[in-house]
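# Survey of secondary and tertiary structure
Okay, here's what each chain looks like letter by letter:
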Amino acid sequence: YDGAAFDRFGYSVDIQDDLIVIGAVYDDDFDLEDSGSIYIYRLINNEWIFDDKLYSEDIQAGDFFGSSVSINNGIISVGAVYDDINGYINCGSVTVFNYSNNEWNQFQKIYAYDLEDNDFFGHSIDMDGEKILIGSFRDDNDYLNSGSVYLYALNNDEYENIFKVTASDESLND
């Protein structure tokens, strides 16, 4: 569509029914180096057609938006592992989009309730029904960089954290 050298189109991918979502983490749109983006393709009359290109509403240079993607029932979740939130560096975030009135809209931005520098929240994502599972492989629990997974569920039109999973045998740099 508008690819440039080193955008890393295809860094992350997901498919469901007639939609494909593709991350391009080094995309430099808006003169924001390595801010990232996602591309959406739709199957129409047996042909995959470009549908849209999306960014987080507060995209910044170096966010790596599109480092992970997941689609489920018209909802797309997108990880930005190097996103800086509330003064924390590279803590990461996940942006959720929904499709309504023939357009994609940013629905919510999610970040860990216990965010810290360099957690890389959003490194991995999976969705099922009204739940989102988000990996944060450098989250610090009882040990430095032991990692964790956050489970979010849709409640009153907003995804809320309902559980944080840590390894029962966690250790340093798990």
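Up top you'll find the structure we're talking about.
A brief look at the structure comes next. Bear in mind that the values here come from a model prediction, so they are computed numbers and not experimental data.

Turning our eyes to something else, we now look at the overall build of the protein chain. Of the regular secondary structure elements, the protein chain holds 0 helices and 12 strands. Traced from its N-terminal end to its C-terminal end, the protein chain shows the element sequence β-β-β-β-β-β-β-β-β-β-β-β. Relative to the globule expectation of 16 Å for 174 residues, the C-alpha radius of gyration of the protein chain, 16 Å, shows essentially globular dimensions. For the protein chain, the spread of C-alpha atoms along the three principal axes comes to 50 × 35 × 25 Å. For the protein chain, buried positions account for 45% of its 174 residues. Within the protein chain, contacts between residues at least 6 apart in sequence are counted, and of these 45% link residues at least 24 apart. With an accessible surface of roughly 9000 Å², the protein chain has 44% of that area assigned to carbon and sulfur atoms. Averaging the locations of the 7 positively and 36 negatively charged side chains of the protein chain gives two centres separated by 2 Å.

Conventions adopted
- Residues numbered from 1 in each chain as written.
- Predicted model: local features only at pLDDT ≥ 70, side-chain atom pairs only at ≥ 80, totals over all residues.
- Heavy atoms only, no water.
- Helix = DSSP H or I, 4+ residues; strand = E, 2+ residues; numbered from the N terminus.
- Rg over C-alpha atoms; globule rule 2.2 N^0.38 Å.
- Buried < 20%, exposed > 50% of the residue type's maximum accessible area, 1.4 Å probe, protein only.
- Contact = heavy atoms within 4.5 Å.
- Areas by Shrake-Rupley, 256 points an atom, 1.4 Å probe, with all protein chains shown as cover.
- Lys, Arg positive; Asp, Glu negative; His and termini not counted.
- Charge placed at Lys NZ, Arg CZ, Asp CG, Glu CD.

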